[in-house]
Amino acid sequence: MSVWNSENVIDVAESIGITQLNRDAVDHLARDVEFRISQVLEEALKFMRHGKRTTLTTQDVSQALRLLEVEPLYGYESTRPLRFGEASIGPGQPLFYVEDEEMDFEKLINAPLPKVPREMSFTAHWLAVEGVQPSIPQNPTQADQRNQELAAKGPGANPHLAAVSGNDNVSVKPLVKHVLSKELQLYFERICGAILDETNDEYRSAAFASLKTDPGLHQLVPYFIQFVADKVTHSLKNMFVLTQSMLVIAALLENASLYLAPYVPSIIPSVLTCLVGKHLGSASQDGPTTHFALRDYAASLLSSITRKYGPSSSTLKPRIARSCLKSFLDSHKPFGTHYGSILALTMIAGPEGVRSLIVPNLLPYDAHLQRGLKDDGKREQAEYVVNAIMRALETVEKDAAETGALQQNGYPEGEVLKERLETMLGEVIGTKVYEIGRQSLTKALLETAADI
Amino acid sequence: MAQPPPPQRTGSVGPASAGGMGAPQSANTPGGQGQGGQQNLNQIVLEYLSKKGYSRTEAMLRRESAHTDANGQPILTRFDDIGGRKYTKAFTLVQNWIDNILDIYKPELRRVLWPIFVHFFLGLIADFFPRDAEDFFQTFKGPFENEHEDDLRALAPLNLPEHVQQSEIGKLYRDNRYRITLSSMAYMTLMQFLESHDREGGSLITTTLNTHFDLRSVDRANAGGARGLAKLLADRNGDADEPAEDEGIPGHNAGSANLDRNAPTVLSKLSLGPMPMESDLMEDVKAELQDLDASNPPKAGQNSLMDEFEERIKREPMDDVPSRDTLPFPPSTARDVAMEVQKVKENRDRFRIEGRDGRSGGIGPGVSVTMFTFHNTFDTVNCIEFSGDNSLVAIGTAESYIRVWSLDNQPLVTASDPAGTPPPASRRLIGHSGAVYAISFSPSIAIPTNDHADSPTSPDSRPRYLVSGSADKSIRLWSLDTWTNLVVYNGHQSPVWDVRFCPHGHYFASASADRTAMLWSTPHIAPLRIFAGHDSDAEALAWHPNGAYVFTASGGGDKTVRMWEIVRGSAVRLFTGHTGNVTALACSPSGHFLASADDRGEIILWNLPTGRLQKRMRGHGRGGIWSLDWCVESTLLVSGGADGTVRVWDVQSNKETQGKAISEGGAGGAAKMDGASGGGASSGVAKSKAKKDVVVSPDQISAFPTKKSPVYKVRFTQMNLVVAGGAYLP
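Residues numbered from 1 in each chain as written. Chains lettered and ligands numbered in written order. Predicted model: local features only at pLDDT ≥ 70, side-chain atom pairs only at ≥ 80, totals over all residues. Heavy atoms only, no water.

- Where an unreviewed UniProt entry is consulted, chain B appears under the name Transcription initiation factor TFIID, subunit TAF5, with the organism given as Neohortaea acidophila.
- Of the comments in the UniProt record for chain B, the one headed Subcellular location (unreviewed entry) reads "Nucleus".
- Reading the Sequence similarities (unreviewed entry) entry of the UniProt record for chain B gives the comment "Belongs to the WD repeat TAF5 family." (UniProt positions renumbered as here; feature names shortened; annotations may be inferred.)

- The name given to chain A in an unreviewed UniProt entry is TBP-associated factor 6, and the organism recorded there is Neohortaea acidophila.
- Looking at the Subcellular location (unreviewed entry) heading of the UniProt record, one finds this comment for chain A: "Nucleus".

Have a look at this one:
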């Protein structure tokens, strides 16, 4: 049973004038045709392989024909894949044909010239830096590669890789013990124990000192980061644990012999949680305002991270700024979150950021602020936010003073000034600025308003 | 050629009822008087013999007369006469037998089935049983689909006797003997079985074995290693079914290229050391280094360049270096001196990738990869090549031209540029009349200009030439100073698949679809050497770092890697073991290992001095590994392929594996690991999953996926940075 239809052979024979063809001959010829076609395809596959492609093209077939010293078939060269149409010549007898458009010469000649294809060009990017793939737009995201088997599995595989790439499942974790040396495991356990030991200050500070200075911790970095992430997600109510986690990150950042750039994306979420988290610590135990200290610390940590690694990752700052702005603009979030995001925005984006991100949003925010100040339960928190905003505005003042961009006069005074400030900054902040009554500050702010 | 008439089974078969004794004579009468007479005659003679007491003669006559039917025609009871079905019967027989045999023989004997399958199929075709052939093929191809996919695809369309000789694979199997080595016990068992089942098909198999096989028997205890009992036990659970190293069509004494059946077991000696430096050049380099040391004294803890150089010379073994006299090179120039000096400098300053012992437990060294992605290619790019000084990148296209860009955005100038127009950022080299499949830059080394400012006569170290091979069967040499074609080398009869410049320049080698590789030198238009021996296209090519050897690899039915000595033009090593078409080759800078990769996603490491397989590594998806390269210390291998990943491999053999003395090869890493851990129910699940997915062997250190960009080229720079090139194909 040959794939090639023997009736085809009869058709061809009739077309060149041979009407009588022996059945055996037809059969033989059909079989031969099939074999020849496969021979051509085998050769064509070779051309495909050397073209480093995985799809066969008509060009490959004509190259193969040329190699086999057969006259190539012309007219089938196309860079687009051939589209096959299907027609039925009877029940269950589909006929496939190449769809060939009819072209009107008139139209073809008068048609505008097709677009010139774009010029071939190349771009360069880092596919890997010191064995870790940076998460930049040019590289696939982890979701893209989920269906690919990338890391070796099973015993004998290197679990360190899995830990780095974030595929670290619970089931894989015990394998860690096989990779890290006994000493390092012990060290890791001891450090983690010491850090969370509330009773022994000396022990704890020794642990941090070790993290800050020890040059041989590189292998443990992913585990410490994992540790921090775990603690932060699971102990949001525990102010002590959160603070210690931030201190661990600070210590790691301070360690000069560690190269943390590849891990920055995994550090940021933990820090952001401590910065803009809805409820940090429990008010009953720690008092209603202790969490502001943690937020202060997280903000300074974040700003030091962006200062250090911002230059090597162009999207780092904008990404953080965007998420902070989002939580600032969400009025359903508690004041603590707003406090944290204002703080972070001030530190990361600088005076320029305050001008373009915070100042324009103060007016709509005013209503929320006023409500907070009137509510006894929330007043204290709201005041923190007011202070944070004031501090942000002061950076604008300082910046303006440094650049000397202030015009010397031409601004109203007294009640007019107060009104101007209130329409611009909202009632609470406007009044506050007016009460301070520092010329440089008001001027800088009015300048900003003029720009907007 | 007509099908023989069906066997006539009218007569009785077994001797017991034969002899015509019980057969009523009357039944035979229609046959005619003559036949009846003969029957009577037999009767009479038998009676006579029994009366005389010649009992043995009588028995003989009875037996012999049993094979004739009533008409005196011989009855076709012999196995050979039942037509095409005899092959099916015989194959079923031996397959069932092997399936039920003791486990210790099974892995070895299973290897015999594939060549028997091929020869039976070819036999059916040649004897003109197309229908039986197809049935046979469909019935029995199952077990081979995994390993011999390509071969099965090539075999399937065969259906006429003349095809057997015309198809590549048919010719290959028919004209050569397939070599298989069995341990002596397995061999004996097989032979005994075939003899005892002579009539049910054993004879057919014996004949096939005699005519088309080169069966060897070795003593299991003596052979050790790959044939040892330990290896066998390790393989039993995993279905690691891989060809032995010496199995296959150009069967050989593992490693050796001597195909003679009685070839001596000693391997020809190789000179794998680096090429010694010319004495004049050495003096110049030393002088230059001394100058540099004087002007830039080494920093604390750093060797002086001179020490570094001396150390390198000292480390070189003196006994296995190729002789400079036998491989002539043009006299060295100032450019060579500058390049050598830079090599010494880089050797001192580079980021080292040390061996496992130097690493901190288990973590691979951090490799940095720069990826160059080509856009708007419309899949016309056939190859990408980076120059040795990392200043240029060239692509060869299906549209017959070569295009060269500068990697650092420098304009590509020539002296003949018309004044006033800015020099273009890229150059097209037009001249070929067929798709360009390979390009290679002449050797070059980047010399940073800032620390060379003190030496006023800094020679140009840019690559000066480019060779390209194309489907138009020609090789062209291009000048990168004038951006024009200098020489056309004609000599190949078929498309040129690969060209590579010698690591020292001046020579280059090419591999072609005409099954040969050739050695050329740039000033001669005729090839200096022709390396013939592959049974299929020579598809990939690599140089040994000392320039005295060339490696070629082949696909199709051959699938071998061969090592050729340049001076004598003869093959010195032959490596078999690939099951797919070999797509890339790379020799380690240390000169002792060769890595080869195929389009089934497997990388094999070969040990050159012993000619043996070192290990197999899997991980790439299907579709071809297009490029391989070694780091300068020969401790890491990097690969890039059609699955759009760059992967980094540990080339050292697994210590655990060695400790268990399973085999030097550590073959089939992941599969075996499955087996070792097996026993629980989980291993069954893992195994069935592994069949679908690509198994990643534990030798892989890391894998970096790209965004829909197959990787065409990977290269370690002298400073151990990986440069990768690919085309974005959305």
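### Regarding the packing of aromatic side chains
Right, so step 1: Tallying each qualifying case throughout the model produces 37 aromatic pairs over all chains.
Right, so step 2: Above the face of the B:Tyr401 ring, B:Arg428 is positioned so that its terminal group lies 5.0 Å from the ring centre. (Phe/Tyr/Trp six-rings, centres within 6.5 Å; stacked < 30°, edge-to-face > 60°. Lys NZ or Arg CZ within 6 Å of the ring centre and 35° of its normal.)

### Side note on the environment of B:Asn485
Residues and elements named next belong to chain B.
Right, so step 1: Looking at where asparagine 485 falls in the secondary structure, it is placed in strand β12 (residues 484–490).
Right, so step 2: Separated by 20 residues in the primary sequence, asparagine 485 and tyrosine 465 have C-alpha atoms spaced 9.7 Å apart.
Right, so step 3: If sequence neighbours within four positions are ignored, asparagine 485 has contacts with Arg476, Leu477 and Trp478.
Right, so step 4: In this structure the side chain of asparagine 485 is engaged in a polar contact, spanning 3.4 Å, whose partner is the backbone oxygen of valine 487. (Helix = DSSP H or I, 4+ residues; strand = E, 2+ residues; numbered from the N terminus. Contact = heavy atoms within 4.5 Å. Polar contact = N/O pair within 3.5 Å; in protein donor to acceptor, adjacent residues only side chain to side chain.)

### Topic: the confidence of the model for chain A
Right, so step 1: Overall, the prediction assigns chain A a mean pLDDT of 77, with 84% of residues at 70 or greater.
Right, so step 2: Here helix α5 (residues 159–165) of chain A stands out as the least confident element of chain A, with mean pLDDT 48; strand β3 (residues 121–128) of chain A is the most confident, with 88. (pLDDT = per-residue confidence, 0-100.)

### Quick notes on the pattern of salt bridges
Right, so step 1: Using the criterion set out here, one finds 25 salt bridges over all chains in the structure.
Right, so step 2: Here B:Asp537 ties to A:Lys46 by a salt bridge, and the two come within 2.8 Å at their closest N and O atoms. Taken together, the residues B:Asp537 in the loop between β16 (529–532) and β17 (538–543) and A:Lys46 in helix α2 (residues 23–50) connect one chain to another.
Right, so step 3: Taking the shortest distance from any N to any O, the salt bridge between B:Glu385 and B:Lys713 comes out at 3.4 Å. Of this pair, B:Glu385 sits in strand β5 (residues 381–386) while B:Lys713 is found in strand β29 (residues 711–716), placing the two residues 328 residues apart along the sequence.
Right, so step 4: The class of B:Glu385 is buried, set by a relative accessible area of 8%.
Right, so step 5: Under the relative-accessibility criterion, B:Lys713 is labelled buried at 12%.
Right, so step 6: One salt-bridge network, held together by shared partners, links B:Glu385, B:Asp498, B:Arg500 and B:Lys713. (Salt bridge = Lys/Arg side-chain N within 4 Å of Asp/Glu carboxyl O. Buried < 20%, exposed > 50% of the residue type's maximum accessible area, 1.4 Å probe, protein only.)

### Details of the pairing of β12(B)
All names here are of chain B.
Right, so step 1: By the bridge criterion, six bridges tie strand β11 (residues 474–479) to β12 in an arrangement that is antiparallel. The residue bridging isoleucine 475 from the neighbouring strand is tyrosine 489, located in β12.
Right, so step 2: With antiparallel pairing between neighbouring strands as the criterion, β11 and β12 make up a hairpin whose turn holds four residues, including tryptophan 483 at a positive phi of roughly 60°. (Pairing = 2+ DSSP bridges.)

### Digging into the UniProt feature "repeat: WD" (unreviewed entry) in chain B
Residues and elements named next belong to chain B.
Right, so step 1: As recorded in UniProt, the feature "repeat: WD" (unreviewed entry) lies at residues 374–415, 464–488, 489–521, 531–574, 575–616 and 625–659.
Right, so step 2: In residues 464–488, the share of helix is 0% and the share of strand is 68%. The end C-alpha atoms are 17 Å apart.
Right, so step 3: Between the C-alpha atoms that bound residues 489–521 there is a distance of 10 Å. The span itself is 0% helix and 61% strand.

### A few points about the nonpolar core
Right, so step 1: Counting residues in each nonpolar core, the largest one holds 89 residues, and the members touching the most others are A:Leu211, A:Leu393 and A:Leu425.
Right, so step 2: Per-element accounting of this core gives the leading share, 13 residues, to helix α15 (residues 335–374) of chain A.
Right, so step 3: Those residues within four positions of A:Leu425 in sequence are excluded, and the remaining contacts are A:Val359, A:Leu362, A:Leu363, A:Leu393, A:Gly430, A:Val433 and A:Leu445.
Right, so step 4: One finds B:Val118, B:Val164, B:Tyr173 and B:Met191 within the second-largest nonpolar core, a separate group that totals 48 residues. (Core = buried A, V, L, I, M, F, W, Y, C linked by side-chain atoms within 4.5 Å.)

### Concerning the interface of chain B and chain A
Accessible area lost on assembly of the parts is the figure often given for the size of an interface.
Right, so step 1: Contacts between chain B and chain A engage 81 residues on the former and 61 residues on the latter.
Right, so step 2: The interface formed by chain B and chain A includes four salt bridges.
Right, so step 3: Among the ionic pairs, B:Arg153 bridges to A:Glu42, the shortest N-O distance being 3.1 Å.
Right, so step 4: Summed over the shared surface of chain B and chain A, the number is 21 residue pairs in polar contact (both at pLDDT 80 or more).

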